[in-house]
Amino acid sequence: MNLWAIVPVKPLHQGKSRLAGMLSVEEREALNFSLLWHSLEVLSSVELISRVLVVSKDPKVLATAREYHAVTLHSEDDRLNLNLDLQKADFMAKWQGAQEILVLPADLPLITAWDVYQLIQKAQKPKAMVIAPDHNRDGTNGLLFNPAEGSRYSFGPGSFERHLAFAKKNGYRVEVYESETFALDLDTPEDLSLLYEKDPNFFQKFAKPIRRNV
């Protein structure tokens, strides 16, 4: 198995703009870096993942990814088109031998290596698409294609149903991975409040890399 994990990351100073009413630009940048750091820590500890590929327009993000020996792809798209970046990263991964591809957004503060392992296990028998929805079952917080050939991405509002429709139309066996840890992504003030309820020590845990890099 040659499984690649693709992690798309917005520029640190631009991500989480919907939290502007609660956090300053500096605080949002610190939050985005802590989420990136957490994602790389988790993925680098999952033995079933052969390589991690980070795609971003932010040089700081790419430099951090290389510290974790990740493959990096610099986005040239000024529009920050997530799905276009994913298709380019997907092509690059396949060109370098990827047989399966997992897309994992870098804003999932509660995921662990065990969660990622459990998701991967659901795709052991091809032809499969495993999808982890957000807590509203609207967005997509994890997406795995086995095999990678034929994969397509439609992230954004309503992506859960679009990915399901694509999979069924193209003959993939669909596995929905319901997980409280995958379900929480940080987009809104309500999400941030929910994180404080579930893990009030999140920011303390990642205080060291935040201080070092902001």
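For the structure itself, consult the block above.
Summary of the structure given here. No experiment lies behind these values; they were computed from the predicted model shown.

1. Some details on the packing of aromatic side chains
For the structure shown, the criterion picks out six aromatic pairs. Relative to Y117, the ring of W114 has its centre 5.5 Å away and its plane inclined at 25°; by these criteria the two rings are stacked. Residue W114 and its partner Y117 are both found in helix α4 (residues 113-121); the two are separated by three residues, about one turn of the helix. Classification of W114 by relative accessible area gives exposed; the value is 54%. Assessed through its relative accessible area of 31%, Y117 is described here as partly exposed. For the ring pair F145 and Y153, a centre distance of 5.9 Å and an interplane angle of 75° mean the geometry is edge-to-face. Taken as a pair, F145 and Y153 share a single burial class, namely buried. The ring of W4 carries R51 above its face, with NZ or CZ at 5.9 Å from the centroid. Taking the ring centre of Y172 as reference, the NZ or CZ of K127 above it sits at 4.6 Å.

2. Describing the pairing of strand β6 (residues 140-146)
The element β6 is extensively covered by neighbouring structure, given that seven of its seven residues are classed as buried. Where strand β4 (residues 100-103) and β6 come together, three bridges link them in antiparallel fashion. By the bridge assignment for β6, L102 is matched with L144. Alignment of strand β5 (residues 128-133) against β6, held across six bridges, turns out to be antiparallel. Among the inter-strand pairings, A132 is bridged to a residue of β6, identified as G142. The antiparallel pairing of β5 with β6 creates a hairpin that spans six residues between the two strands, and R137 there sits at a positive phi of about 50°.

3. Section: the nonpolar core
Core analysis: the largest hydrophobic core is formed by 34 residues, its most contacted members being I49, V52, V54, V116 and F182. Elements represented by at least two residues in this core include exactly β1 (3-9), α1 (25-44), β2 (51-56), α2 (59-67), α4 and β5. It is α1 that contributes the most residues to this core, six residues altogether. If we skip the residues at most four places from it in the chain, I49 touches L3, A5, L43, L102, V116 and I120. Counting residues in hydrophobic clusters, the runner-up holds 23 residues, among them L86, Y153, L164 and Y172.

4. Here's the deal with α2
Turning to α2, its buried residues are V61, L62, T64 and A65. All buried residues of α2 fall inside an arc of 160° around its axis, so they share one side. Exposed and facing more than 90 degrees away from the buried side of α2 are P59 and E67. Tucked inside the fold, the buried residues of α2 contact β1, α1, β2 and β3 (71-74). By the N-cap criterion, in which a side-chain oxygen at the helix start approaches the backbone nitrogen of a residue two or three places on, α2 is capped by D58, the distance to K60 being 2.8 Å. Backbone geometry just after α2 places H69 at a positive phi near 65°.

Conventions and cut-offs
Residues numbered from 1 in each chain as written. Predicted model: local features only at pLDDT ≥ 70, side-chain atom pairs only at ≥ 80, totals over all residues. Heavy atoms only, no water. Phe/Tyr/Trp six-rings, centres within 6.5 Å; stacked < 30°, edge-to-face > 60°. Helix = DSSP H or I, 4+ residues; strand = E, 2+ residues; numbered from the N terminus. Buried < 20%, exposed > 50% of the residue type's maximum accessible area, 1.4 Å probe, protein only. Lys NZ or Arg CZ within 6 Å of the ring centre and 35° of its normal. Pairing = 2+ DSSP bridges. Core = buried A, V, L, I, M, F, W, Y, C linked by side-chain atoms within 4.5 Å. Contact = heavy atoms within 4.5 Å. Arc of directions from axis to C-beta. Polar contact = N/O pair within 3.5 Å; in protein donor to acceptor, adjacent residues only side chain to side chain.

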